[in-house]
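Geometric and topological summary
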Amino acid sequence: MSNCAVVGVNWGDEGKGRMVDFLTEDHDIVIRFQGGGNAGHTVVNSKGKFALHLLPSGVLREGIVNILGNGVALDPENLLIEIKEVQSKGVVISPNNLKISERASLLMPWHRELDELEEKRLADKKYGSTKQGIAAFYSDKYQKKTILAGELLYPEYLQAHLKDLLEWKNLTLSGVYGARPYTMEMLMEWVGNYCQPIIPYICDTVSYLKEAQEEGKRILFEAQLGALRDLDYGICPYTTSSTTLARYAPVGAGAPSADISEIIGVVKAYSTCVGEGPFVCEMHGTDAETLRNTGAEYGAKTGRPRRVGPLDLVATRYGAAMQNATGIAVTKLDILGYMDSIPVCTKYIVNGKETDKFPFPAALDKAEPVIEWMPGWKTDVSGVRSWDDLPKEAQDYINMIERVVGIPVKYISVGAERDSIIIR
Ligand code: GDP
C-alpha cells in the first residue's frame, strides 16, 4: 500500500482511529491534516486504551513519524496535556516521532472562550459545539488573524503580532459579548506555559515530507469527523469548520504534491451522531437505548450520549462518493449480534416522494426514513477473523452495503482491538 487516507463517511466516530492504528503497519508517516482537539479517536492495543484528540493515531506504533499538518487547529494547551497523558502510559513521544508544522496556526485561548460565549448567545438554537474553539479558530485563520506555530521561533515578530491581534480581538470580546478583555501579560503567560514546551516539535514539515516522498516513504492521512460534517458538503450549518474530505488531505498535511492511491472510507455498521442537527434515521426509546449501550456510544471527548439509528444507506452512499472512497471499512459489526432482525434505512421520503439521493441540508428536517429489515445473525462475531467464517446473514449485510454504496468493502472490524479485523 502506498499513500492512503483514512476518512469518515458519516457523522464522525466511525472508528477511523482504530483503522489508522491497524493500517499504520504498512506506512511510515501518519498525518492529521484538519480539525483540532475536538476529535476523540479511541484506540485499543497491547499498550492499553487511548483516547486521542489531536495526536495522530500513529503515535501508538513504534517507528512511525507523526505529523500535525498545517491544516489542523493547533491547541498547545490541550496538546501538552494529551502528550503527557499518552506518555504516562509508556508511549514514547519525542521530536523524533512527532513533528508539528511551522505553518500550523495556533488555537488561541480566546477561541475556546468565544465558542462558549457564542453557544450561550444562541441558547436553544445552539449548534452543539464541543466548545474547543474550533469554529472561532478557523474563522480567524481565514481572516489571517492567527499566529503560525513557527512564529514562536521569532520572539520579536511574535510579540508584535500578538499585540495587533490582541487589540483586534478585544473589540469582539468586550464590545460584542461584554467579556473580559485579554492583556499582553495574559498572552505572554500562555506562550510561556503552553507554547514554549512545544517548540522542540516545530519544524518545516513541508520540506521533510518532500524528502520523505522522494525516498518512497508511505504516508497515511488521518481525518477527523466525516463527510457529513464537511464544511462545504456536509449538513450545513451543523458541520465542523474544516474540510474533512480526502481530497484536501495532501494540502492540509503539508504534502500538496502527494498522490493518494487508496482512500478508505470508514462506515459504522449502524449510525451515530453527536450534537445537534438533522439525523433522519434517528431511533428513540428502548431500542435506541439498547443499541447505544451495546455499542458504548458515548463521546470520547465529552462523554455525551451519541444519537443512534440504523445504518443510513442514503447518507452513506453520499458520504462515500464525497470522499471518493476506493474501499470501505465497516466497523462495529460485532455490536449488531444481539438483533433478531436489523433495520436499514434504504431511502428517504422528501416532500412525499421516495428518493435515494441525499437532500440539500434545508430539506433534511422534513425527510423521513424508509426502513427495511434484514435477518440478524444472532451470534457473537467478535472472534471471527475470516470472511468465510462470518455467518451468512452477516455476509449478506456486508454484501448489501457494498452493492448499494457501489464501493468494495475491504475491511470488516469486529472489535476495538488492533487484530479484531477481517481483511477481504
Ligand atoms: P473515530 O473518531 O472515527 O476514531 O471513532 P471513535 O473512536 O470516536 O469511535 C469508535 C469507537 O468504537 C471507539 O471506542 C473504538 O474503540 C470502538 N471500535 C472501533 N471499531 C470497533 C469494532 O469493530 N467493534 C467494537 N466493539 N468497537 C469498535
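Here the structure is a predicted model, which is why all the values come from computation and not from measurement.

Before going further, it helps to examine the overall build of the protein chain. Tallying secondary structure elements over the protein chain gives 12 helices and 20 strands in all. In summary, the protein chain has a C-alpha radius of gyration of 22 Å against a globular reference of 22 Å for 424 residues, a match within 12%. Along the first, second and third principal axes, the C-alpha atoms of the protein chain reach 65 × 50 × 35 Å. Taking all 424 residues of the protein chain together, the buried fraction comes to 57%. By sequence separation, contacts in the protein chain at least 24 residues apart represent 75% of the contacts at least 6 residues apart. Entry remark: accessible area of the protein chain is about 17,600 Å², with carbon and sulfur atoms responsible for 51%.

Direction vectors running N to C along helix α3 (residues 109-122) and helix α5 (residues 155-176) enclose 15°, while the axes themselves pass 12 Å from each other. Put simply, α3 runs roughly parallel to α5. Considering only the axes of α3 and α5, their crossing is left-handed. Where α3 abuts α5, its residues W110, E113, L114 and L117 lie against L165, L166, K169, T172 and L173. Grouping the amino acids of the contact of α3 with α5 by side-chain chemistry returns six nonpolar, one polar and two charged.

So, on to the environment of V414. With respect to the helices, strands and loops of the structure, V414 is situated in the loop between β19 (409-413) and β20 (421-423). Relative accessible area serves as the criterion here: at 0%, V414 is assigned to the buried category. The sequence separation of V414 and L333 amounts to 81 residues, and the corresponding C-alpha distance is 5.3 Å. Setting aside residues up to four positions removed in sequence, V414 forms contacts with L333, D334, V381, S382, V384, R385, S420, I421 and I422.

About the thresholds
Residues numbered from 1 in each chain as written. Predicted model: local features only at pLDDT ≥ 70, side-chain atom pairs only at ≥ 80, totals over all residues. Heavy atoms only, no water. Helix = DSSP H or I, 4+ residues; strand = E, 2+ residues; numbered from the N terminus. Rg over C-alpha atoms; globule rule 2.2 N^0.38 Å. Buried < 20%, exposed > 50% of the residue type's maximum accessible area, 1.4 Å probe, protein only. Contact = heavy atoms within 4.5 Å. Areas by Shrake-Rupley, 256 points an atom, 1.4 Å probe, with all protein chains shown as cover. Axes fitted to C-alpha atoms, helices over the stretch in contact; angles between N-to-C directions. Parallel < 35°, antiparallel > 145°, perpendicular 65-115°, else oblique. Left-handed = near helix turned anticlockwise from the far one by under 90°. Nonpolar A, V, L, I, M, F, W, Y, C, P; charged D, E, K, R; others polar.

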